[in-house]
Amino acid sequence: MILASWLDTVFDSFWGPTVFRSIGGLAAVLLPAGAIVYLYLFKMMSFMQSRLGPTEAGPYGSLQLVAEVGKWLQKEDIFPRKADRIVFAAAPFVVLMSSFLLVLVVPFGPDAWFVNLDTGIYFALAVSSVSVIGILMAGWASASKYSMLGGLRAAAQLIAYELPLVLAVIGVVIQAGTLNMQDIVLAQAEGEIFGWGGIGNPFILTQLLGFFIFMVAMQAELTQPPFDMPVAESEIVTGYMTEYSGIRFLLFFIGEFATAGIFAMIASVLFLGGWWVPGLDPDSNWFNVLGPLVMFAKVIVVTFLIFWFRITYPRFREDQLQKLAWKILIPLSLANIVATGILKVAF
Amino acid sequence: MSDETAVEETPIEDVAEVDEAREALVATMTEKLSDGIVETFVKPGDDVWIRVSRDAWVETANVLKSEMGFGFFNFLSAIDWKPSPFGRDMDSQVDLAMNPTDETTDVGDAPLETGYAGGDTRFQLFARVNDVTTARAVTIKCDLPDDDLTAPTWIPVYPGANWHEREAAEMFGIEFTGHPNLRKLYLPGEFEGYPMRKDFALLARRIKPWPGIVDVEQMPGEDEDGDASEEGSGA
Amino acid sequence: MTSISETEQLRYISQQAADARVNVEIETEGMTLNLGPQHPATHGTLRIIAKLDGEQVVAAEPVMGYMHRGYEKLAEVRTYPQVTTLINRIDWTGSFANETPFILAAEKLMEIEAPPRAQYIRTILHEMSRVANVMLGIGDMGVQVGATTPVFYAFRDREYVLNQIEAVTGGRFHPNFDRIGGLKDDLPAGWIQNTKNAMGKVEEFCDQIEDLMYGNEIFQARTRGIGIIPKDVGLAYGLSGVNIRASGVDWDVRRDALPRGLVYDQVDWKVWTHPDGDCYSRMWVRLQEVREGAKIVTQLLSQIPSGPIMAKVPRIIKVPAGEAFVETENPLGVMGYYVISKGDLNPYRVKIRSASFNNVSITPWLLKGVFVPDIISILGSLYFILGDIDR
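What you are looking at is a predicted structure, and each value in this text was computed from that prediction instead of being measured. (Residues numbered from 1 in each chain as written. Chains lettered and ligands numbered in written order. Predicted model: local features only at pLDDT ≥ 70, side-chain atom pairs only at ≥ 80, totals over all residues. Heavy atoms only, no water.)

With respect to the overall build of chain C
Inference 1: Looking only at helices and strands, chain C features 16 helices and 8 strands.
Inference 2: Within chain C, the proportion of its 391 residues that are buried is 66%.
Inference 3: Counting contacts in chain C only where the partners sit at least 6 residues apart, residues at least 24 apart contribute 73% of the total.
Inference 4: Accessible area for chain C stands at about 11,700 Å²; split by element, carbon and sulfur atoms hold 52% of it. (Helix = DSSP H or I, 4+ residues; strand = E, 2+ residues; numbered from the N terminus. Buried < 20%, exposed > 50% of the residue type's maximum accessible area, 1.4 Å probe, protein only. Contact = heavy atoms within 4.5 Å. Areas by Shrake-Rupley, 256 points an atom, 1.4 Å probe, with all protein chains shown as cover.)

Okay, structure coming up:
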């Protein structure tokens, strides 16, 4: 009773919800990122490459990431002599900021959300491009040719792949009839596949092509191999990150994997039913607890695909990547929109 | 190395004294270059050496490549035939600079002993080209006069000679006329001297005497004057 | 340059440019990009100064010498047996193969020949160092084009070969095992069967890597039609080994001009060529080289004759006066030693003809007009070892 009334007072004040949401936001960004790095980058990649990965730090090397973070924090934060110091220092924060902005609109349960925007998916796709600014800042301010090539490559690539990403989402939006991410989840929970509503309508079933295009474009947005030209280590060292060390490199590193996790969340909201699982009532209050866990499980599945591709494929060349975007993915996604529209009107 | 070794050792069979294919190659070259060829040497069953005059150096390459089918450029380098004034730098006991002996006080004045196909001057260019279709090869040599260490470049014929000539230039101080970019290849730009010349001292050996051959260990199971070679024991 | 190569090059550049240039009207200021000497892609300390227009290379100039150790000079002050210690370090991924041509040249001058058993073991080790070297090259090509996995598979399976080399020579990287007139030691017990098993692993690796890498569409897109070397240009630049066989030149020293002292003529194998001359064909021929290498080793292993492993040679080796050039087909291409002797303990002059030096000398010609990522594909497919360039 005392606890409940105390909670009421805390949540009625300004600081209560703010602190709660900040912790939730940090958890939503950092937990999947850490899990992805350990599970996939450290362990799965090692097993697929016939090695063991970290084994010493903690059980099965699970604390390796903590050790790595500690190492990076201790390292000297080096500025190149000719670097534009302010821009150079700010760039990693801009990149990381885009991940935090992205997670705002992701719903984790019927009432577990940060912001319930009516134009949620529109907002998400818009702020995902903020990281381009950060990368360009890093590339330009480093005063290094490798960095600049990497930054320019990243900008060209991210802008080229925004388009198929957006167009792939439009199919989902047509089917759901809304831009609100919460309503997209509910539309999948309550939807029907050509009149059969046994498992609702996870859009991966009816938007398979859209899901495929979204995954490819997402891989490119995340600059994961085979689309990792901006950081291509055998060509331009590590692209825009070449001159970074210590904590600023760590921020880029977290940003990369946090964004991977959040894009996986968006993919699971759009195509896999988000926090909802078939057979359960989406209005149940239990989903406020269960939802984040369901979401996490789906994120792990989607990121598995991302990292599977990453480990398997060689890297495209810059012009081949653009060809893939403009000559294959965009026409395909336009066809997908037309087909979805016709079917939507017909049924 | 027991005695059975000697029994089973197969002596190298005598190759034909006259190697017709290589003699024919020399004959064709002599016909095509006439005056350019100074001396030739054929080791039957092994190889051909042709020494040409400097004026015929590029012409030889042209003939070899376009008329004789030697399309594969193997290497190009130079030889310094002047014996080193520092001795062999081999074993400090007989090192000539450290312990000059009466018999060879100044090696520099000793007459040049040149190799196959002869030679009249201290520096000699040599290059090798192959014919990949018939698996023939020929070594070309060319004398360079001491007071004019220049030679025309082979790049127009064999572009692969570019780096080889740069290396020969920095190592021996030979200038290749017509070479587009005769900068140093391996050595730092401000390096002085020509390291591959025999009179360029190898500093590491100057500073620290080398233990040399006196340290050769005995083979296991071999007594002091066992079956070790007679010719080597004197050193 | 000859007129043919000019035309070929112009055609190549125009193809590249037409394919790539989005807007020819925009004149952009050039940029000079310095790749190396500590660049991740140059496996060693090769430095390439590339003048770029956008990402297209206008001119590329390799700079080397960061690892020049002066072996030709050092060899002049060492006895013949001591020289093998130096030349082991030329191509350090296939060290035993470096020793072979020098030892053969010395044997030729001394007019001795190793006993048959030594010749067989020498050929086996020569071929095993080729397998080990080329496997590394294939895995490394994966890294160059951005695939991280093949290199681990290559290192994993190369280990089986290196273990066998170590078992007989005692050294994984620098065996220093070849002697004038034979070999240092005989084979250890059980080695023949173990090596056959290791060659089985190598063949498995070839199948696996063919699926994983060569069949991959992205790998093909990155290597097909990139860095085409026409036959006559390659020959005039002195390219050898796989790099020239991938341009359609059917020439292999092992088959066409086998020096005395190796026994490749005793086994059944094939020289692979490819008509294209691009990066993909170079890597493809390289893969077949590994397969053939495993085949040669397996066949030789079952044919090794018994007998001594060392000919009768004096304890202190003096080589009679004379000149000899012996070239063998080494992992990276044709490697030869021109040895001039004056009847002394040490060679009078040793000219080392290393394969990578000539193979890389084509890069200024080849890199014109390609993109920055193609530099990496081309360098990876030429497959050089810096020690083999800088000597």
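Thoughts on the interface of chain C and chain A
For an interface, size is often stated in terms of accessible area lost upon the parts coming together.
Inference 1: Across the contact, 32 residues belong to chain C and 26 residues belong to chain A.
Inference 2: Interface area for chain C against chain A, summed over the two sides, is near 2,600 Å², with a carbon-plus-sulfur share of 58%.
Inference 3: The three residues of chain C that bury the most area against chain A are Glu-55, Phe-152 and Ile-218 of chain C, which together make up 20% of that side's buried surface.
Inference 4: The interface formed by chain C and chain A includes 1 salt bridge.
Inference 5: For Arg-317 of chain A, the salt bridge is made with Asp-374 of chain C, and the minimal N-O distance between the two is 3.0 Å.
Inference 6: Where chain C meets chain A, there are 8 residue pairs in polar contact (both at pLDDT 80 or more).
Inference 7: Mapped onto the side of chain C that touches chain A, the elements with two or more residues apiece are β1 (31-35), α5 (116-144), α6 (149-169), α8 (217-223) and α15 (372-382) of chain C.
Inference 8: For the side of chain C that touches chain A, the element with the highest residue contribution is β1 of chain C, accounting for 5 residues.
Inference 9: Here the residues of the side of chain C that touches chain A are counted per class, giving 18 nonpolar, 9 polar and 5 charged. (Buried area = accessible area lost by both parts, 1.4 Å probe. Salt bridge = Lys/Arg side-chain N within 4 Å of Asp/Glu carboxyl O. Polar contact = N/O pair within 3.5 Å; in protein donor to acceptor, adjacent residues only side chain to side chain. Nonpolar A, V, L, I, M, F, W, Y, C, P; charged D, E, K, R; others polar.)

Some thoughts on the interface of chain B and chain C
Inference 1: On the chain C side, the residues contacting the 72 residues of chain B number 64 residues.
Inference 2: Each partner contributes to the roughly 6,000 Å² buried at the junction of chain B and chain C, and carbon and sulfur atoms together form 59% of this total.
Inference 3: Our count for the contact surface shared by chain B and chain C stands at 4 salt bridges.
Inference 4: Scanning the region where chain B abuts chain C turns up 19 residue pairs in polar contact (both at pLDDT 80 or more).
Inference 5: Only α1 (3-8), β2 (47-52), β3 (72-80), β4 (123-131), β5 (136-144), α4 (161-172) and α6 (230-233) of chain B provide two or more residues apiece to the side of chain B that touches chain C.
Inference 6: Among the elements that take part in the side of chain B that touches chain C, β3 of chain B stands out by supplying 9 residues, more than any other.

Considerations on unusual backbone geometry
With glycine set apart, most residues show a phi of negative sign, and most peptide bonds adopt trans.
Inference 1: Residue Pro-226 of chain A follows Pro-225 of chain A across a cis peptide bond; omega there is 5°.
Inference 2: Here Pro-226 of chain A lies in the loop between α10 (208-221) and α11 (233-236).
Inference 3: Here the phi dihedral of Ala-143 of chain A falls at roughly 55°; this positive angle occurs in a residue that is not glycine.
Inference 4: Inspection of the secondary structure puts Ala-143 of chain A in the loop between α6 (130-141) and α7 (145-176).
Inference 5: For Ala-135 of chain B, which is not glycine, the phi dihedral falls at a positive 55°.
Inference 6: Structurally, Ala-135 of chain B is set in the loop between β4 and β5.
Inference 7: Overall, the relative accessible area of 29% leaves Ala-135 of chain B in the partly exposed class.

With respect to the sheet that holds strand β7 (residues 333-341) of chain C
Residues and elements named next belong to chain C.
Inference 1: Strand order in the open sheet made by the 3 strands is β6-β7-β8, with antiparallel pairing throughout. In this open sheet, the two strands that pair with only one neighbour each are β6 (322-330) and β8 (349-353). Going from strand to strand, the sheet's axes swing by 10° on average, the running direction of each strand aside.
Inference 2: Bridge count for β6 against β7 is 9 bridges, and the pairing is antiparallel. Counted as the bridge partner of Ala-324 is Val-339 from β7. (Pairing = 2+ DSSP bridges. Axes fitted to C-alpha atoms, helices over the stretch in contact; angles between N-to-C directions.)

Looking at a nonpolar patch on the surface
Residues and elements named next belong to chain A.
Inference 1: A cluster of nonpolar side chains, Leu-3, Trp-6, Leu-7, Phe-11 and Phe-20, forms an exposed patch at the surface whose accessible area comes to about 560 Å².
Inference 2: With 4 residues, the top contributor of residues to the nonpolar patch is helix α1 (residues 2-12).
Inference 3: Structurally, Leu-7 can be placed in helix α1.
Inference 4: Among the residues examined, Leu-7 registers a relative accessible area of 36% and is labelled partly exposed. (Patch = residues over 30% accessible without salt bridge, like charges linked within 9 Å, V, L, I, M, F, W, Y side chains within 5 Å.)

Quick word on α4 of chain B
Residues and elements named next belong to chain B.
Inference 1: For α4, which comprises 12 residues, the first-to-last C-alpha distance of 16 Å matches the rise-based estimate of 16 Å (1.5 Å per residue) to within 8%.
Inference 2: Of all 12 residues making up α4, 11 are buried, and the element is well covered by its neighbours.
Inference 3: For α4, the complete set of buried residues consists of Ala-161, Trp-163, His-164, Glu-165, Arg-166, Glu-167, Ala-168, Ala-169, Glu-170, Met-171 and Phe-172.
Inference 4: Of the residues trailing α4, Gly-173 is marked for its positive phi of about 75°. (Expected span 1.5 Å × (residues − 1).)

Considering the sheet that holds β1 of chain C
All names here are of chain C.
Inference 1: Taken in spatial order, the 3 strands of this open sheet run β1-β2-β3, and their pairing is antiparallel. Each edge of the open sheet is held by one strand with a lone partner, namely β1 and β3 (56-63). With strand direction ignored, the average angle separating the axes of adjacent strands in the sheet is 20°.
Inference 2: Of the pairings in the sheet, the one linking β1 to strand β2 (residues 47-53) comprises 5 bridges and is antiparallel in character. Across the sheet, Met-31 pairs through a bridge with Leu-52, a residue of β2.

Things to note about the environment of Tyr-160 of chain C
Residue and element names in this part refer to chain C.
Inference 1: Looking at the element boundaries, Tyr-160 is found in helix α6.
Inference 2: A relative accessible area of 32% places Tyr-160 in the partly exposed class.
Inference 3: Each C-alpha atom, one on Tyr-160 and one on Asn-197, is 8.8 Å from the other, the two residues being 37 residues apart in sequence.
Inference 4: Setting aside anything within four residues of it in sequence, one finds Tyr-160 in contact with Ala-198 and Lys-201.

Quick look at the nonpolar core
The tendency in soluble globular proteins is for nonpolar side chains to be buried as a group.
Inference 1: Counting 87 residues, the largest nonpolar core has Leu-125 and Trp-154 of chain B as the members making the most contacts within it.
Inference 2: Not counting residues within four places of it along the chain, the set of residues in contact with Leu-125 of chain B comprises Trp-57, Leu-76, Ser-77, Ala-78, Ile-140, Lys-141, Cys-142, Leu-144, Ala-151, Ile-174 and Phe-176 of chain B.
Inference 3: Ranked by size, the runner-up nonpolar core spans 81 residues in total, among them Met-128, Leu-187, Trp-191 and Leu-262 of chain C. (Core = buried A, V, L, I, M, F, W, Y, C linked by side-chain atoms within 4.5 Å.)

Structural notes on the pairing of β2 of chain B
Residues and elements named next belong to chain B.
Inference 1: For β2, a buried count of 6 out of 6 residues is recorded, marking the element as mostly surrounded by other parts of the structure.
Inference 2: Both faces of β2 are covered, namely the face carrying Asp-47, Trp-49 and Arg-51 and the face carrying Val-48, Ile-50 and Val-52.
Inference 3: The turn linking strand β1 (residues 37-43) back onto β2 is made up of 3 residues, and Gly-45 within it adopts a positive phi angle of 75°.
Inference 4: Across 4 bridges, the pairing between β2 and β5 is parallel.

Details of the pattern of salt bridges
Inference 1: Scanning the model with the defined rule gives 39 salt bridges over all chains in all.
Inference 2: With a closest N to O distance of 2.7 Å, Asp-47 of chain B and Arg-128 of chain B form a salt bridge. With a gap of 81 residues between them, Asp-47 of chain B in strand β2 and Arg-128 of chain B in strand β4 connect regions that are remote in the sequence.
Inference 3: Of the residues examined, Asp-47 of chain B reaches a relative accessible area of 2% and is grouped as buried.
Inference 4: Arg-128 of chain B gets classed as buried once you look at its relative accessible area, which sits at 5%.
Inference 5: For Lys-295 of chain C, the salt bridge is made with Glu-292 of chain C, and the minimal N-O distance between the two is 3.4 Å. Residue Lys-295 of chain C and its partner Glu-292 of chain C are both found in helix α12 (residues 279-301); the two are separated by 3 residues, about one turn of the helix.
Inference 6: Several salt bridges converge on common partners, so that one network encompasses Glu-127, Arg-130, Arg-245, Asp-252, Arg-254, Glu-289 and Glu-329 of chain C.

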